[in-house]
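These are the residues of each chain, in order.
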Amino acid sequence: MSRNTTPYLRNDLRKKTNVSDVLFFNNISFQSCMVILFVFAVLLFSVLSIATTPNPSVIFGI
């Protein structure tokens, strides 16, 4: 049987106004968030670079 057998739930009554407070409260590391944001940024820039390339027929006049 587990040790925590209380019938009530513990709530954190602090105000979570900072990003660091929310990350700490939810047990999320800052480094993993930065890695995820970096991967999304790389994907966004790669899609934008492919989408904004000009048509070769316009460049070479074909």
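Placed above this text is the structure.
A brief structural summary. It should be emphasised that the depicted structure is a prediction, and the values quoted were computed from it without experimental measurement.

1. Describing the overall build of the protein
Here comes step 1: Each helix and strand counted, the protein has three helices and zero strands in total.
Here comes step 2: Along the protein, helices and strands appear, N-terminal first, in the series α-α-α.
Here comes step 3: A total of 62 residues make up the protein; the buried ones form 2% of that total.
Here comes step 4: Just so you have it, the protein exposes about 6,300 Å², and 68% of that area is on carbon and sulfur atoms.

2. A look at the environment of serine 49
Here comes step 1: Mapping serine 49 onto the fold places it in helix α2 (residues 30-51).
Here comes step 2: Residue classification places serine 49 among the partly exposed residues on the basis of a relative accessible area of 40%.
Here comes step 3: Separated by 2.8 Å, the side chain of serine 49 and the backbone oxygen of serine 46 make a polar contact.

3. Some words on a nonpolar patch on the surface
Here comes step 1: A surface patch of nonpolar side chains, amounting to about 690 Å² of accessible area, comprises Val35, Ile36, Phe38, Val39, Phe40, Val42 and Leu43.
Here comes step 2: Relative to the helices and strands, valine 35 resides in helix α2.
Here comes step 3: Accessibility expressed as a relative area gives 48% for valine 35, which makes it partly exposed.

Parameters and conventions
Residues numbered from 1 in each chain as written. Predicted model: local features only at pLDDT ≥ 70, side-chain atom pairs only at ≥ 80, totals over all residues. Heavy atoms only, no water. Helix = DSSP H or I, 4+ residues; strand = E, 2+ residues; numbered from the N terminus. Buried < 20%, exposed > 50% of the residue type's maximum accessible area, 1.4 Å probe, protein only. Areas by Shrake-Rupley, 256 points an atom, 1.4 Å probe, with all protein chains shown as cover. Polar contact = N/O pair within 3.5 Å; in protein donor to acceptor, adjacent residues only side chain to side chain. Patch = residues over 30% accessible without salt bridge, like charges linked within 9 Å, V, L, I, M, F, W, Y side chains within 5 Å. Salt bridge = Lys/Arg side-chain N within 4 Å of Asp/Glu carboxyl O.

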